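A structural walkthrough
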Amino acid sequence: MDQRMINVGFGNAVPAGRILAVVNTKSSPMKKLREEAKEQKRLIDVTEGRRTRSIIILDSNHVVLSAVQPETISLRFSTPLEQRGKGEEEQLKDATR
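If you're wondering where the values come from, they're calculated on a predicted model, not measured in any experiment.

About the cut-offs
Residues numbered from 1 in each chain as written. Predicted model: local features only at pLDDT ≥ 70, side-chain atom pairs only at ≥ 80, totals over all residues. Heavy atoms only, no water. Helix = DSSP H or I, 4+ residues; strand = E, 2+ residues; numbered from the N terminus. Buried < 20%, exposed > 50% of the residue type's maximum accessible area, 1.4 Å probe, protein only. Polar contact = N/O pair within 3.5 Å; in protein donor to acceptor, adjacent residues only side chain to side chain. Core = buried A, V, L, I, M, F, W, Y, C linked by side-chain atoms within 4.5 Å. Contact = heavy atoms within 4.5 Å. Pairing = 2+ DSSP bridges.

**Focus: unusual backbone geometry**
Look at Phe10: it is not a glycine, yet its phi comes out positive at around 55°. Topologically, Phe10 is positioned in the loop between β1 (5-9) and β2 (12-15). For Asn61, which is not glycine, the phi dihedral falls at a positive 75°. As for its placement among the helices and strands, Asn61 is situated in the loop between β5 (54-58) and β6 (63-66).

**Focus on the side chain of Arg76**
You can see Arg76 is positioned in helix α2 (residues 70-78). Using a relative accessible area of 12% as the deciding quantity, one classes Arg76 as buried. A polar contact is formed between the side chain of Arg76 and the backbone oxygen of Asn7, at a distance of 2.8 Å.

**Remarks on the nonpolar core**
Judged by nonpolar contacts, Ile6, Val8, Val14, Ala16, Ile19, Val46, Ile56, Leu58, Val64, Val68 and Ile73 together constitute the single largest core of 11 residues. Mapped onto this core, the elements with two or more residues apiece are β1 and β5. In this structure Ile19 touches Ile6, Val14, Ile56, Ile57, Leu58 and Phe77, once residues within four positions along its chain are discounted. Residues Ala37, Ile55, Ile57 and Val63 belong to the second largest nonpolar core, which totals six residues.

**A look at the pairing of β6**
Residues Val63 and Leu65 of β6 are buried on one face, and the alternating residues Val64 and Ser66, pointing to the opposite face, are buried as well. Here three bridges tie strand β4 (residues 43-45) to β6, and the two strands are oriented parallel to one another. Its bridge partner lying in β6, Leu43 is registered against Val63. In the sheet, β5 pairs with β6 via four bridges, with the strands oriented antiparallel. Paired with Ile55 across the two strands is Leu65, which belongs to β6. Counting the residues between successive antiparallel strands, the hairpin from β5 to β6 contains four residues, one of them, Asn61, with a positive phi of roughly 75°.

Printed below as a string of structure tokens:
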């Protein structure tokens with residue numbers, strides 16, 4: 001199991017091995033998933049009051065709301081920081097502002 005922690009914004013992190021999916025928030029099924037998770041007390045909101053840009057689904061059936069773009073989270077998930085090129089690091093900094 002992957003023991004890395006993935007930054008999902010504002011100093012919050014999720015274990016990489018527990019992430020099942022990182023999805024966009026705009027579709028109707030994702031809005032329904034968010035509401036159901038809220039009703040069942042499985043919703044974790046780490047947006048710090050900002051606009052929700054991605055939904056992270058965990059293997060524990062919890063749903064994490066993040067203000068970071070899904071593409072950025074996927075990039076963090078797929079490549080360790082020490083293997084990224086300088087251009088990608090700059091891109092990450094711009095995406096999280």
